[in-house]
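Understanding the architecture of this molecule
Residue-level listing of the chains:
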Amino acid sequence: MANAVPLTSRRILIMAADGFEQSELEVPLERLQDAGANIDIASIEMGDITGWDDDDWGDEIEVDLKISDVDIDDFDALVLPGGQINPDLLRANEAAVSLIRDFAATGKPVAAICHAPWLLIEAGLANGRRLTCYKSIRTDVANAGATVVDESVVVDGNIITSRCPDDLPAFCDAIIETLAKSEVSV
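Residues numbered from 1 in each chain as written. Predicted model: local features only at pLDDT ≥ 70, side-chain atom pairs only at ≥ 80, totals over all residues. Heavy atoms only, no water.

**Looking at the sheet that holds strand 5 (residues 56–62)**
Pairing is mixed in the open sheet, where three strands are placed in the order 2-4-5. Each edge of the open sheet is held by one strand with a lone partner, namely strand 2 (20–21) and strand 5. The sheet contact formed by strand 4 (residues 48–53) and strand 5 spans five bridges and is antiparallel. Within the sheet, the bridge partner assigned to I49 lies in strand 5 and is I61. (Pairing = 2+ DSSP bridges. Helix = DSSP H or I, 4+ residues; strand = E, 2+ residues; numbered from the N terminus.)

**With respect to the pairing of strand 1 (residues 11–15)**
In terms of burial, strand 1 is largely enclosed, as four of its five residues are buried. Bridging between strand 1 and strand 3 (residues 38–43) involves five bridges; their strand directions are parallel. Within the sheet, the bridge partner assigned to L13 lies in strand 3 and is D40. Inspection of the sheet shows strand 1 paired to strand 7 (residues 77–80) by three bridges, in the parallel sense. (Buried < 20%, exposed > 50% of the residue type's maximum accessible area, 1.4 Å probe, protein only.)

**Digging into the state of the cysteines**
Counted by the stated rule, this structure contains zero disulfides. Not part of a disulfide, C164 finds its nearest cysteine sulfur in C114, a span of 7.1 Å. Here C172 is not disulfide-linked; the sulfur of C164 is the nearest cysteine sulfur, at 13 Å. (Disulfide = S-S within 2.5 Å.)

In short, shape yes, function no, at least from these values alone.
Here it is as C-alpha coordinates:
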(Lines give C-alpha, C1' and ligand atoms only; values in the text may rest on other atoms or scores of the structure.)
Protein backbone atom coordinates (compact mmCIF):
# COMPACT_ATOMS: atom_id res chain seq x y z
CA MET A 1 0.00 0.00 0.00
CA ALA A 2 2.63 2.55 1.03
CA ASN A 3 4.81 1.74 -1.99
CA ALA A 4 2.06 3.04 -4.28
CA VAL A 5 2.18 6.53 -2.75
CA PRO A 6 4.11 8.85 -5.04
CA LEU A 7 6.61 11.07 -3.24
CA THR A 8 8.09 12.55 -6.40
CA SER A 9 7.87 16.10 -5.11
CA ARG A 10 9.44 15.24 -1.75
CA ARG A 11 13.01 15.79 -0.61
CA ILE A 12 14.18 13.91 2.46
CA LEU A 13 17.32 14.38 4.53
CA ILE A 14 19.05 11.41 6.14
CA MET A 15 21.50 12.56 8.80
CA ALA A 16 24.24 10.11 9.80
CA ALA A 17 27.85 9.75 10.86
CA ASP A 18 30.34 6.90 10.91
CA GLY A 19 28.93 3.83 12.59
CA PHE A 20 25.36 4.18 11.34
CA GLU A 21 23.49 0.88 11.38
CA GLN A 22 23.89 -0.23 7.75
CA SER A 23 20.32 -1.45 7.20
CA GLU A 24 18.78 1.49 9.05
CA LEU A 25 20.21 3.90 6.49
CA GLU A 26 20.09 1.74 3.36
CA VAL A 27 16.55 0.37 3.70
CA PRO A 28 14.86 3.78 4.23
CA LEU A 29 17.04 5.24 1.48
CA GLU A 30 15.92 2.57 -0.99
CA ARG A 31 12.27 2.50 0.08
CA LEU A 32 11.91 6.28 -0.03
CA GLN A 33 13.67 6.49 -3.40
CA ASP A 34 11.40 3.71 -4.70
CA ALA A 35 8.46 5.83 -3.57
CA GLY A 36 9.86 8.69 -5.70
CA ALA A 37 11.49 10.88 -3.06
CA ASN A 38 14.80 12.65 -3.55
CA ILE A 39 17.25 11.86 -0.76
CA ASP A 40 20.29 13.73 0.53
CA ILE A 41 22.76 12.40 3.10
CA ALA A 42 24.12 14.94 5.59
CA SER A 43 26.98 14.39 8.01
CA ILE A 44 29.43 16.27 10.17
CA GLU A 45 31.99 16.46 7.36
CA MET A 46 32.00 15.88 3.61
CA GLY A 47 33.40 12.68 2.15
CA ASP A 48 32.27 9.15 2.90
CA ILE A 49 30.81 7.75 6.10
CA THR A 50 31.05 4.08 7.01
CA GLY A 51 28.22 1.95 8.29
CA TRP A 52 28.23 -0.79 10.91
CA ASP A 53 26.95 -4.14 9.69
CA ASP A 54 26.45 -6.90 12.27
CA ASP A 55 29.86 -7.28 13.95
CA ASP A 56 32.09 -5.11 11.79
CA TRP A 57 32.38 -2.03 9.66
CA GLY A 58 30.08 -2.06 6.66
CA ASP A 59 29.75 -0.12 3.44
CA GLU A 60 30.64 3.49 2.80
CA ILE A 61 28.12 6.03 1.59
CA GLU A 62 28.87 9.42 0.10
CA VAL A 63 27.83 12.52 2.01
CA ASP A 64 25.91 15.09 -0.04
CA LEU A 65 26.19 18.01 2.35
CA LYS A 66 27.52 19.06 5.73
CA ILE A 67 24.99 19.31 8.55
CA SER A 68 26.05 22.92 9.08
CA ASP A 69 25.07 23.70 5.45
CA VAL A 70 21.56 22.21 5.57
CA ASP A 71 18.66 24.56 4.86
CA ILE A 72 15.62 23.03 6.57
CA ASP A 73 13.31 24.77 4.09
CA ASP A 74 14.72 22.51 1.36
CA PHE A 75 13.46 19.30 3.00
CA ASP A 76 10.16 17.63 3.83
CA ALA A 77 11.39 15.09 6.40
CA LEU A 78 14.41 14.08 8.45
CA VAL A 79 15.44 10.44 8.94
CA LEU A 80 17.84 9.44 11.72
CA PRO A 81 19.31 5.93 11.45
CA GLY A 82 20.56 4.28 14.60
CA GLY A 83 23.45 2.09 15.54
CA GLN A 84 25.38 2.78 18.73
CA ILE A 85 28.23 4.84 17.30
CA ASN A 86 26.36 7.11 14.88
CA PRO A 87 23.87 8.77 17.26
CA ASP A 88 26.54 9.05 19.96
CA LEU A 89 28.76 11.03 17.57
CA LEU A 90 25.86 13.18 16.37
CA ARG A 91 24.50 14.01 19.84
CA ALA A 92 27.89 15.49 20.72
CA ASN A 93 27.70 17.80 17.68
CA GLU A 94 25.79 21.02 18.37
CA ALA A 95 25.01 21.64 14.68
CA ALA A 96 23.37 18.21 14.45
CA VAL A 97 21.36 18.66 17.64
CA SER A 98 20.24 22.14 16.57
CA LEU A 99 19.22 20.84 13.16
CA ILE A 100 17.04 18.14 14.74
CA ARG A 101 15.47 20.62 17.17
CA ASP A 102 14.83 23.18 14.43
CA PHE A 103 13.52 20.55 12.02
CA ALA A 104 11.01 19.27 14.57
CA ALA A 105 9.86 22.83 15.26
CA THR A 106 8.70 23.13 11.64
CA GLY A 107 6.21 20.30 12.15
CA LYS A 108 7.84 18.21 9.41
CA PRO A 109 8.35 14.50 10.15
CA VAL A 110 11.43 13.48 12.13
CA ALA A 111 11.94 9.71 12.07
CA ALA A 112 14.38 7.99 14.46
CA ILE A 113 15.11 4.27 14.75
CA CYS A 114 17.05 2.07 17.19
CA HIS A 115 19.52 4.24 19.19
CA ALA A 116 18.62 7.43 17.26
CA PRO A 117 16.06 8.49 19.91
CA TRP A 118 19.18 9.51 21.88
CA LEU A 119 19.24 12.40 19.41
CA LEU A 120 15.63 13.26 20.22
CA ILE A 121 16.59 13.36 23.90
CA GLU A 122 19.57 15.61 23.23
CA ALA A 123 17.39 17.95 21.15
CA GLY A 124 14.84 18.18 23.98
CA LEU A 125 12.11 16.41 22.00
CA ALA A 126 11.40 13.33 24.14
CA ASN A 127 9.61 14.87 27.11
CA GLY A 128 5.87 14.22 27.00
CA ARG A 129 6.07 12.08 23.87
CA ARG A 130 5.08 8.48 23.26
CA LEU A 131 8.18 6.83 21.75
CA THR A 132 9.79 3.48 21.07
CA CYS A 133 13.49 2.67 20.74
CA TYR A 134 16.08 -0.07 21.02
CA LYS A 135 15.67 -1.97 24.30
CA SER A 136 19.04 -0.91 25.76
CA ILE A 137 18.13 2.80 25.71
CA ARG A 138 14.54 2.55 26.99
CA THR A 139 15.59 3.79 30.42
CA ASP A 140 17.34 6.79 28.84
CA VAL A 141 14.23 7.65 26.83
CA ALA A 142 11.95 7.21 29.85
CA ASN A 143 14.27 9.32 32.03
CA ALA A 144 13.98 12.07 29.41
CA GLY A 145 10.23 12.19 30.08
CA ALA A 146 8.85 10.02 27.28
CA THR A 147 6.32 7.26 27.62
CA VAL A 148 8.20 4.29 26.19
CA VAL A 149 6.25 1.53 24.44
CA ASP A 150 7.40 -1.74 22.90
CA GLU A 151 5.88 -1.42 19.42
CA SER A 152 7.35 -1.71 15.93
CA VAL A 153 6.56 1.90 15.09
CA VAL A 154 5.13 4.84 17.02
CA VAL A 155 3.91 8.08 15.48
CA ASP A 156 3.48 10.93 17.97
CA GLY A 157 2.72 14.14 16.14
CA ASN A 158 5.59 14.67 13.73
CA ILE A 159 7.94 12.26 15.53
CA ILE A 160 8.20 8.68 14.20
CA THR A 161 10.18 6.06 16.12
CA SER A 162 11.01 2.37 15.73
CA ARG A 163 12.98 -0.18 17.76
CA CYS A 164 15.40 -2.05 15.48
CA PRO A 165 16.14 -3.32 11.95
CA ASP A 166 13.30 -5.86 12.20
CA ASP A 167 10.93 -2.87 12.32
CA LEU A 168 12.21 -1.26 9.11
CA PRO A 169 9.15 -2.18 7.00
CA ALA A 170 6.79 -0.51 9.49
CA PHE A 171 9.20 2.42 9.99
CA CYS A 172 9.44 3.11 6.25
CA ASP A 173 5.69 2.70 5.79
CA ALA A 174 5.05 5.25 8.56
CA ILE A 175 7.41 7.79 6.97
CA ILE A 176 5.81 7.34 3.55
CA GLU A 177 2.26 7.50 4.93
CA THR A 178 3.03 10.58 7.02
CA LEU A 179 4.55 12.37 4.03
CA ALA A 180 1.64 11.35 1.81
CA LYS A 181 -0.79 12.96 4.28
CA SER A 182 1.14 16.21 4.64
CA GLU A 183 1.25 19.11 2.25
CA VAL A 184 4.20 19.57 -0.08
CA SER A 185 6.42 22.28 1.35
CA VAL A 186 9.47 22.51 -0.92
